[in-house]
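Breakdown of the fold
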Amino acid sequence: MINIKNLSKSFGKTKVLDKVSLRVKRGEVLGFLGPNGAGKTTTLKAIVGLVWATEGEIVINNLESKNIQSHRHLGYMPEDPYFYEYLTGREFLVFVAELQKINKNNAKEQADELLGLVGLGDETKKYVRNYSKGMRQRLGIAQALVGDPEILLLDEPLDGLDPIGRSEVKNILLDLKKQGKTILISSHILADIEELCDRVAIINKGKIIKSGKISDFIKKGQSLEKAFVKSITNQERSKR
Ligand SMILES: Nc1ncnc2c1ncn2[C@@H]1O[C@H](COP(=O)(O)OP(=O)(O)O)[C@@H](O)[C@H]1O
Ligand SMILES: [Mg+2]
């Protein structure tokens, strides 16, 4: 599905990714965890080709990510999705579909289907500028689903939501998981990852410091949070 091998990225002299290797298997949900500034967004951007890696290789469904064909398999929700504020959610999705060369009728059909899926079916006439944060996140997920990609890359999809919004978006993600989508979710919120993901990979300061099944992380009585903090502090200590 996705195979990242020894990915490094520097911005000027600053190395923000240092030999990151990561695999997302077909049909699994991988939680990509790390504190702010760890390199999560940069990794996701490298997968979709918004950032060029300094070194390393990314393979998507047996295609090199440099091959534009590989991008057909990907749906991406950026950290701060940009919307045209003066379009309705429906118009925005139709626009995204048309960018993918989907014909007008199919584009409209998909837009309606996706609005329903993310619970915005009753808001088709509302302009995006009047959307709440939760509605924006849901529209962000919907636009990632245009064209029905096999793989979803979601950058902090639950960030900034209130408890109701989190729970609603989480249910959408659980539904997508049930449909068999392959999903990479970045987050710094452990509880969400624990609920949604099959495996986790922890990144700190541009390095993957741990990865594995959630069940392997959570030893008897130990929460994912404890395991996370422990991995990070061990890494920091070993550097001193
Ligand atoms: N375009 C850029 N130019 C310079 N530094 C950047 C750029 N994008 C990200 N960085 C730096 O790379 C590091 C990792 O950032 P990022 O991938 O956004 O982390 P995360 O998503 O885990 O919070 C940070 O220190 C950030 O400041
Ligand atoms: Mg980020």
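Look a little higher up for the structure.
Residues numbered from 1 in each chain as written. Chains lettered and ligands numbered in written order. Predicted model: local features only at pLDDT ≥ 70, side-chain atom pairs only at ≥ 80, totals over all residues.

**A look at the overall build of the protein chain**
A count of helical and extended segments in the protein chain gives eight helices and ten strands. Its C-alpha atoms give the protein chain a radius of gyration of 18 Å, near enough to 18 Å, the size a compact globule of 240 residues would have. In terms of principal-axis extent, the alpha carbons of the protein chain reach across some 55 × 40 × 30 Å. For the protein chain, buried positions account for 39% of its 240 residues. Taking the intrachain contacts of the protein chain between residues at least 6 apart in sequence as the baseline, contacts between residues at least 24 apart amount to 65%. (Helix = DSSP H or I, 4+ residues; strand = E, 2+ residues; numbered from the N terminus. Rg over C-alpha atoms; globule rule 2.2 N^0.38 Å. Buried ≥ 20, exposed ≤ 12 C-beta atoms within 10 Å, placed from the backbone. Contact = placed C-beta atoms within 7 Å.)

**A few points about the environment of Leu154**
Checked against the element boundaries, Leu154 lands in strand β7 (residues 151-155). Each C-alpha atom, one on Leu154 and one on Lys230, is 25 Å from the other, the two residues being 76 residues apart in sequence. Once residues lying within four places of it in the same chain are set aside, the contact partners of Leu154 are Met77, Ala144, Ile183 and Ile185.

**Considerations on the sheet that holds strand β5 (residues 63-64)**
The antiparallel open sheet is built from four strands, whose spatial order is β2-β1-β4-β5. Sheet topology places β2 (14-24) and β5 at the edges, where each strand pairs with a single neighbour. Relative to strand β4 (residues 55-60), strand β1 (residues 2-11) runs antiparallel, the two sharing five bridges. Looking across to β4, one finds that Ser8 is bridged to Glu55. Here helix α1 (residues 40-48) sits on the sheet in contact with β1, β2 and β4, set at roughly 115° to β1. (Pairing = 2+ DSSP bridges. Axes fitted to C-alpha atoms, helices over the stretch in contact; angles between N-to-C directions.)

**Describing the site of ligand 1**
Every residue near ligand 1 is listed here: Phe11, Val16, Gly34, Asn36, Gly37, Ala38, Gly39, Lys40, Thr41 and Thr42. Element by element, the count of residues in the shell around ligand 1 is highest for α1, at three residues. Classifying every residue of the shell around ligand 1 gives three nonpolar, six polar and one charged. (Near = placed C-beta within 6 Å. Nonpolar A, V, L, I, M, F, W, Y, C, P; charged D, E, K, R; others polar.)

**Quick notes on the sheet that holds β7**
Across the sheet, which stays open at both edges, the six strands sit in the order β6-β7-β8-β3-β9-β10 with mixed pairing between neighbours. Every interior strand has two partners, whereas the edge strands, β6 (74-77) and β10 (207-213), have only one. Within this sheet the neighbouring strands show an average axis-to-axis angle of 15°, counted without direction. As defined by bridge partners, strand β9 (residues 199-204) adjoins β10 across six bridges and the pair is classed as antiparallel. Residue pairing across strands places Ala201 opposite Ser211, the latter belonging to β10. Here helix α4 (residues 133-145) sits on the sheet and contacts β6 and β7; the angle it forms with β6, its principal contact strand, is near 160°.

**Re unusual backbone geometry**
In the Ramachandran plot, Lys19 falls in the positive-phi region, its phi being about 50° despite a non-glycine side chain. Position of Lys19 relative to the elements: it lies in strand β2. Using a count of 14 C-beta atoms within 10 Å as the deciding quantity, one classes Lys19 as partly exposed. With phi around 65°, Lys101 is a residue other than glycine that occupies positive phi space. One can find Lys101 in the loop between α2 (89-99) and α3 (104-117).

**Focus: the pairing of β1**
Direction of pairing for β1 relative to β2: antiparallel, over a ladder of seven bridges. Bridge pairing links Leu7 to Val20 in β2. Linking two consecutive strands that pair antiparallel, namely β1 and β2, is a turn of two residues; a positive phi of about 60° is found at Gly12 within it.

**What about helix α5 (residues 163-178)?**
In a regular helix each residue adds 1.5 Å, so 16 residues correspond to 22 Å; α5 covers 22 Å between its end C-alpha atoms and thus fits that length. Within the span of α5, buried status applies to Arg166, Val169, Leu173 and Leu176. Projected down its long axis, α5 shows its buried positions confined to an angular sector of 85°, all on one face. Exposed and facing more than 90 degrees away from the buried side of α5 are Pro163, Ile164, Ser167, Asn171, Asp175 and Lys178. On its buried face, α5 sits against α4, β7, β8 (182-187) and α6 (190-196). (Expected span 1.5 Å × (residues − 1). Arc of directions from axis to C-beta.)

It is worth stressing that arrangement in space is one thing and function is another; only the former is reported here.
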